[in-house]
Every structure is written in structure tokens, then in C-alpha cells.
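# Fold and contact review
Next come the chains, spelled out residue by residue.
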Amino acid sequence: MEEKLVTVAIHTYERAIILKGILESEGIDVYLHNVNQIQPMISAGVRVRIKESDLTAALKRIEEIDFSYNDENQSIIEDKNKFILVPVDFSQYSVKAARFAFSMAKNIDATIIFLHSYYSPYYSGGMPINDAFAFDEANQESIRKQMKIIHENMEKLTNTLKKDVENGLLPNISFICKYREGMAEEQILLYGKKHKPYMIIMGTRGKDAKEAALIGSVTAEVIDRSRVPVFAIPENTPFDKFEQIKNIGFITNFDQRDLIAFESLMQLMKTYNFKVYFIHLSAESDQWTEVQLNGVKGYFKKQYPEVDSSYCIIEGDDLINNLDEFVKNRQIDVLTVTQQKRNVFARLFNPGLAHKMVFHSDTPLLVLRG
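Worth saying up front: this structure is predicted, and the values here are computed from it rather than measured.

The rules behind each value
Residues numbered from 1 in each chain as written. Predicted model: local features only at pLDDT ≥ 70, side-chain atom pairs only at ≥ 80, totals over all residues. Heavy atoms only, no water. Helix = DSSP H or I, 4+ residues; strand = E, 2+ residues; numbered from the N terminus. Buried < 20%, exposed > 50% of the residue type's maximum accessible area, 1.4 Å probe, protein only. Contact = heavy atoms within 4.5 Å. Core = buried A, V, L, I, M, F, W, Y, C linked by side-chain atoms within 4.5 Å. Expected span 1.5 Å × (residues − 1). Phe/Tyr/Trp six-rings, centres within 6.5 Å; stacked < 30°, edge-to-face > 60°. Pairing = 2+ DSSP bridges. Axes fitted to C-alpha atoms, helices over the stretch in contact; angles between N-to-C directions. Left-handed = near helix turned anticlockwise from the far one by under 90°. Nonpolar A, V, L, I, M, F, W, Y, C, P; charged D, E, K, R; others polar.

## Re the environment of Ala16
Relative to the helices and strands, Ala16 is located in helix α1 (residues 13-24). Given the relative accessible area of 0%, Ala16 is considered buried. Considering only alpha carbons, one finds Ala16 and Val48, 32 residues apart in sequence, at a separation of 6.3 Å. If we skip the residues at most four places from it in the chain, Ala16 touches His11, Leu32, Val46 and Val48.

## Remarks on the nonpolar core
Counting 58 residues, the largest nonpolar core has Phe114, Ile201, Phe231, Phe242, Phe262 and Met269 as its most contacted members. The element that contributes the greatest number of residues to this core is helix α4 (residues 92-108), accounting for nine residues. Among the nonpolar cores identified, the runner-up in size contains 29 residues, and Leu85, Ile176, Ile200 and Ile279 belong to it.

## So, α4
Under the 1.5 Å per step criterion, the end-to-end length of α4 is 25 Å for 17 residues, consistent within 8% with the ideal 24 Å. Counting buried residues along α4, 13 of its 17 residues qualify, which places the element largely inside the surrounding structure.

## Structural notes on unusual backbone geometry
Residue Asp109 is not a glycine yet carries a positive backbone phi of 55°. With respect to the element layout, Asp109 can be found in the loop between α4 and β5 (111-118). Notably, Lys196 is not glycine yet its phi reads approximately 55°, a positive angle. Positionally, Lys196 belongs in the loop between α6 (184-195) and β7 (199-204).

## Structural notes on the packing of aromatic side chains
In this structure the tally under the stated criterion is 17 aromatic pairs. Here Tyr277 and Phe326 contribute two aromatic rings whose centre-to-centre distance is 6.2 Å and whose plane-to-plane angle is 80°, an arrangement assigned as edge-to-face. Of this pair, Tyr277 sits in strand β10 (residues 275-282) while Phe326 sits in helix α11 (residues 319-329), and the two are 49 residues apart along the sequence. Under the relative-accessibility criterion, Tyr277 is labelled buried at 9%. Accessibility expressed as a relative area gives 11% for Phe326, which makes it buried. Ring centres 4.9 Å apart and planes at 10° place the aromatic pair Phe278 and Tyr311 in the stacked group.

## Here we look at the sheet that holds strand β1 (residues 5-11)
The antiparallel open sheet is built from three strands, whose spatial order is β1-β3-β2. Whereas interior strands pair on both sides, the edge strands pair on one side only; in this sheet they are β1 and β2 (30-33). This sheet shows a mean twist of 30° between the axes of neighbouring strands, independent of strand direction.

## Regarding the packing of α6 against helix α8 (residues 218-225)
At a minimum axis separation of 9 Å, α6 and α8 run at an interaxial angle of 35°. Considering how the two elements wind past one another, α6 and α8 form a crossing that is right-handed. In contact with Ala184, Glu185, Glu186, Ile188 and Leu189 of α6, α8 contributes Val218, Glu221, Val222 and Arg225. For the contact of α6 with α8, a count of residues per class yields five nonpolar, no polar and four charged.

## Some details on α6
Here α6 spans 16 Å end to end across twelve residues, near enough to the 16 Å set by a 1.5 Å rise per residue. Residues of α6 that are buried include every one of Glu185, Gln187, Ile188, Leu189, Tyr191, Gly192 and His195, and no others.

## Topic: the sheet that holds β10
Consider a sheet: its strands pair through backbone hydrogen bonds, and that pairing is either parallel or antiparallel. Here ten strands make up an open sheet; going across it, the order is β6-β5-β4-β7-β8-β13-β12-β9-β10-β11 and the pairing mixed. With one partner strand each, in any of the chains shown, β6 (175-181) and β11 (308-315) form the two edges of the open sheet. For this sheet the average axis-to-axis angle between neighbouring strands, irrespective of direction, equals 25°. Alignment of strand β4 (residues 83-87) against β7, held across two bridges, turns out to be parallel. Bridge pairing in β7 places Ile84 opposite Met199.

Scope: geometric values only; no functional claims are made or implied.
This is how it looks when you write it as C-alpha cells:
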């Protein structure tokens, strides 16, 4: 007698395929029902069914990986609690970003969400479908392998962090792992826009990385477009805790929006002790710049009397390298940049300072929206 099948989930086709791959990697037979045979990608309400005898093992596996993909239910955590978003690609600089997140989360009583975005060439919500499109068994097998590798890598990452917690190197902070199919920068920005994290913390390659590897950098794109603060950490950063930050360089253009951004900085970092260097970049010497700088000094001395601060103007034709030299000489741990919203052409042909520094500096960047 044929064993009874039970439905464990109802998803869109692409999410049903992912869940099918995960369960079959555990030796559980999975059957998909209600699939559009001509254009499977447009199928909605696809039923993921398994044998009744596999129900306990399947539900346990689904619970372990937090793979519900129901945004309305999962958003309860983001809506009710303060959280830090950490995009991860399982590289070493992802691990460094995760450790910074633990440090910040402890001080602001927040949770952490690790978000991994992946792109599958076999299906994509935005990929045009025609009659020639065929989603055969070979493609399904490729997806199963891809998802298995992704979950294994996430498990390695979280096990590394759990071991650090056990050894007392990191505080015991709750975290959740989530997955999104699509281009990494788009998924990070969409997630941030919808759920509004306290901060996005992500790693970057160092300035010695090959130029080809930096073109189209996910971090640079997120910095340009994010509506929430972004903390970008190069892989060569010598520390991995916010408590180790002693000197912060705040780049100012004497703009009122910089005053708002500085208040955001003080709110973000209010539990830490640090010195602030107010830095103005100028291609040429200007007496009016000195007057403006004196005005800024007076304002911040009045508004933030408890803050240890210093003021300076960096001049010259090669401002980026001059700034880099200043950072080294003054032992600046973090550079804070105010990022203005600009259209796509401005970002493409005239990248902002934060964008340039991602490709140039080994100093962490804290980017605030002006």
C-alpha cells in the first residue's frame, strides 16, 4: 500500500524548489504539487509534500534552519526588537563584520540577523520565461547542491561565532540566519528599507585587492543607497570590537546636514569613549574656510562639551592620499562620512567620498545619511 503524503509547506515555485533541495539532501523524498508545467516560475501556492513517516524529521530540519521564508511572520523580530543587519558571504571579512556586530549588539541590547544573498542561474524572479525554458531534473539537482553548500557554509560561520562565545571572546547575543535569492546589493537594500535595522555592518576587501575584484563592489553600492547607517570594515582592520575605537575622524563640509549626521554619530556611539577629529578637505587654501572651521568649533564646544575633539583642514591636489596619511599619523580608527542621496548618473560618473574610500583605505568607514 502506497504511503500517505502530507503537505509541510506552501510556497512560490522558487522557494519550494529550495526547500525541496534542503530536505532531499537529508534523505527525505519530496514531491511538488500544483506546479504550472508550461511556466513553472509563475506557479503560486506550490505544495511541498513528503511521506508521512518523514514528517518528524522534515519539521525538525525546517525548524533548525529557520527556512520559513514567510516575511510577514519573520518580520515580527525586526519590528519588535532592535537589530543589526550583517550581510555575509562566508569570507574572512564577513567573520570580522560579525564580531563587530556582537560588540555593538551587546551595548544596545539588540539581536543580529545574518543575511546571505545568492544568485541561481537556474531560476530568478526577474528572469524572462519563454516556451523554450525547461526546468529539468538536472537543474533541480544543481539547485539542491547549491543550497546544501550555502547552508553548510552558514553553519560553519555560526559555529565559529558560537565557539568564540563559549571561549568568552564574544558576548552571548541571539542571532538569526536568513537567505534571499537575488543580487546581493539589491537584497540588502530591500531588506534594510523594509525592516529598518539599527545599523548595517559589512566587510570589504582591503585596498591591496585587485581592481577587478572591486568593480561593482556590493559594499560601495549599499553605502551609496542605504537609508540606515552602514559600518564598512576592511579585511585588514587590526581590531574587531567597537570598544577598541579610540579616535574617530568626522569629515565635514560645514553643511547643516553634517550637524545632523554628527548627532546620529553620537547616538550610535554614545556608550563608547573616543576622541573626534573634525576634518575638512579643501583643494586650496581659503581664509573663509578657516572662519567656517572656527564657527564649527564654537558650535560643537557648546553642544557637546563632554566630547574630546580636535579640528583640522587637509589641503592639496591629492586629497584622498593626504587624508590617508593624516589617518595614519593621528591613528584614526574609524572615518565617518556623511553621504548625500544622489541620482544614478552622479553615482556612476562622480562617486562620493565614501565610495572612493571603500576602494582605497584600510580604515573602517561609518557612513551616515545626511
